[in-house]
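# Structural features, examined
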Amino acid sequence: MAEAENKSSDKATIEMIEKAAQDGARVVFERAETTRACPIGLEGSCCSICAMGPCRVMAPKGKEETAEERRKRVGVCGATPETIAARNFLRKIAAGTASHGDHGRVMAKFFLAVAKGEAPDYEIKDEQKLLQLALDFGVNIGDRSNEEIAVDVGKLLLNEFGKQEGELLFLKRAPLKRQELWRKLGVAPRGIDREVVEAMHRTHMGVDQDYKNLLLQGSRTALADGWGGSMIATEIQDIVFGTPAPVLSQINLGVLKEDEVNVIIHGHEPQLAEMMAIAAQDPEMIKYAKSKGAKGINLAGMCCTANEMLMRHGVPIAGNFLQQELAVVTGAVEAMVVDVQCIMQGLTDTANCYHTKIITTDPRAKIQGATHMEFDEHNALKSAKAVLKAAIDNFVNRGKNVRIPQQKTDMIAGFSHETINYLLGGMFRASYRPLNDNIINGRIRGVAGVVGCNNPRVIHDSVNLAMVKELIKNDVLVLQTGCMAMASAKAGLMIPEAASEYAGEGLASVCETVGIPPVLHMGSCIDNTRILMAATAMVKDGGLGDDISDLPVAGAAPEWMSEKAIAIGQYFVGSGVFTVFGVNWPTLGSKEVTDFLFKDFEEMYGGMWAFEPDPIKAAHLMIEHIDKKRKALGIDKARERVLYDMAMRRELDAV
Ligand code: BF8
């Protein structure tokens, strides 16, 4: 295997890749080396939707194609490379939307169970948010109990999945101009499941064979994720588990403890993890752990369940997507408890080299070779304790081959849309006004959402770090979610001190005044909807245009790998945001489709896709776009005039 240093920019990861090699344990970094990416699938030129194929329709490389050759470069059914690339792209969006949607549906059903008293270990934590939703939906509040109101709100949210006509309720949250545009283009989603099903139908053999029409359904499906499934999940999780507020924690494999029972919670849906956090503090469980020779119970997170637990409870994070097997390689993890999404099947093979139990908990996500302990939300605490007990029982099986990397970094998370509102405007005048003002006066150049996964096809975390550092150096405030947020946190970018060390003078001065880091952790991947809400709040606060596409903002997923990332990117583009992806781009096999996504979309949505694997170049594409928007708003001059004299600094202190 190539040198571990060439695989990650994170020291703990490098150390564990080396340990895995010594121990004979296989991990994703090694598999990525031995399993070459298929170049035909990579560019979207393989059609495998029927048994006449799979058909490969790649363009000849390095030579001009004649018109006749081009005419013949089609699948057995005659499908053109454009149709095939667009179909493949739409199917990715459908899968991503289905994943977030199914998460949202589970949350809606769970919410109803909580409201009806059928999941007695949970309660409604954010009453204000519940009442706001009730008001938004026209649900009667009167003198009814929170639970009665929640039943009505829950039914309305659950109905969003199977709705056949009309529009999703949350579309009304978007700026009016954006809503009108969606209606004009015919991409306002009707029901979450309906859009996914229609996308699958239209990409079946012999149905929609016009790439532009396919990609319209791509937008409608993705919008059903961002303004539908994901937004429903975020809202309900905030109501039941609490809306995040700033919280201090730590991140990286160094959060594991040599002398305690280490339990990692990994996946995306937080109901079980919430109960695990309570169970792990139960004196009886701690006593039980001590009876097995451990000093206590150490709970740590992985992937987006980690983000959920971090944002609300400060539970430390063991690592991001590519570190999941490496946590097992420490030899110090008694159990990795997983729910759904982003869980590598390779975990069970890695775990065979150590004592770690891989415990699946969701009937939708079993793994061959893992132990299945189904979580029952109706008996949540009991279920969580049973899982925890299995982990504690495994402590005695821990071998001598234990090495926990030293690395762990302080971080502040919990920047929900509401928190940013309060932080910027204060409790009694909560608003985005100070952010807008600082954008208008040029101290903050713009805002970028840098989100998404890790991908072993690039050096782990390095692409994100280069991009984020370049953005903040150029006074762009960065909002993050998912595994990219974790990459920045590990590198020390999510503490207030990072502002003076890494940010440009304008951004640093605002961060220092408000007391925030220049890179804000906004949560898990479904919480990208918080970024949509932040952008909408900026529009509504005034001075920066009347649609999201007018804002000096941009988005990126520099190390993306999952279909969910494509769905997220598409709903940002459809909402008017310029969005650049790194690693590779799945439609490069068709110039027409790629041009449509990269160029024509700007005309249609005011936001468009771009692909740039070089993080510095990608950051500058985002900055150019931000500057273009500043110019259109007539605020480009303000930035040129910014000279930070003492008077301005005093003025800032008075914000
Ligand atoms: O939903 S960022 S690797 S963990 S897909 Fe997965 Fe990507 Fe991580 Fe969260 Ni999002």
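Residues numbered from 1 in each chain as written. Predicted model: local features only at pLDDT ≥ 70, side-chain atom pairs only at ≥ 80, totals over all residues. Heavy atoms only, no water.

## Side note on the pattern of salt bridges
Across all of its chains, the model carries 53 salt bridges by this definition. Close ionic contact of R312 with D238 constitutes a salt bridge, the shortest N to O distance being 2.8 Å. Here the residue R312 occupies a position in helix α13 (residues 303–313), and D238 occupies one in helix α10 (residues 211–241), the gap between them amounting to 74 residues. Both residues of the pair, R312 and D238, count as buried. (Salt bridge = Lys/Arg side-chain N within 4 Å of Asp/Glu carboxyl O. Helix = DSSP H or I, 4+ residues; strand = E, 2+ residues; numbered from the N terminus. Buried < 20%, exposed > 50% of the residue type's maximum accessible area, 1.4 Å probe, protein only.)

## Examining the nonpolar core
Counting 174 residues, the largest nonpolar core has Y122, V153, M276, L471 and M622 as the members making the most contacts within it. Y122 has contacts with F110, V114, V240, F241, Q271, L272, E274, M275, F375, E377 and A380, leaving out every residue within four places of it along the chain. If you look at the next biggest cluster of nonpolar residues, it comprises 38 residues, including I14, M16, A20 and F321. (Core = buried A, V, L, I, M, F, W, Y, C linked by side-chain atoms within 4.5 Å. Contact = heavy atoms within 4.5 Å.)

## Focus on the coordination of the nickel atom of the ligand
When only protein atoms are considered, the nickel atom of the ligand has one donor, C525 (SG), at a distance of 2.2 Å. If you look at the nickel atom of the ligand, its four donor atoms make angles of 90 to 159 degrees with each other, and the shape they trace is irregular. Looking at where C525 falls in the secondary structure, it is placed in the loop between β13 (519–521) and α23 (528–541). (Donors = N, O, S within 2.8 Å, 3.2 Å for Na, K, Ca; no water. Tetrahedral: all angles 85-135°; square planar, octahedral: opposite > 155°, others 65-115°.)

## What to know about the sheet that holds β13
The sheet built from six strands is open, its strands ordered β13-β12-β11-β14-β15-β16 with parallel pairing. Only two strands of the sheet have a single partner each, and these edge strands are β13 and β16 (609–611). Neighbouring strand axes in the sheet, compared pairwise and without regard to direction, differ in orientation by 25 degrees on average. Across four bridges, strand β14 (residues 553–557) lies against strand β15 (residues 578–581) in parallel orientation. Looking across to β15, one finds that A554 is bridged to F578. (Pairing = 2+ DSSP bridges. Axes fitted to C-alpha atoms, helices over the stretch in contact; angles between N-to-C directions.)

## Concerning the pairing of strand β7 (residues 333–338)
When you tally the buried positions in β7, you get six out of six residues, the bulk of the element. Of the pairings in the sheet, the one linking strand β4 (residues 261–266) to β7 comprises five bridges and is parallel in character. The residue of β7 that forms the bridge with V263 is A335. Judged from the four bridges that link them, β7 and strand β8 (residues 357–360) form a sheet pairing that is parallel. Bridge pairing in β8 places A335 opposite K357.

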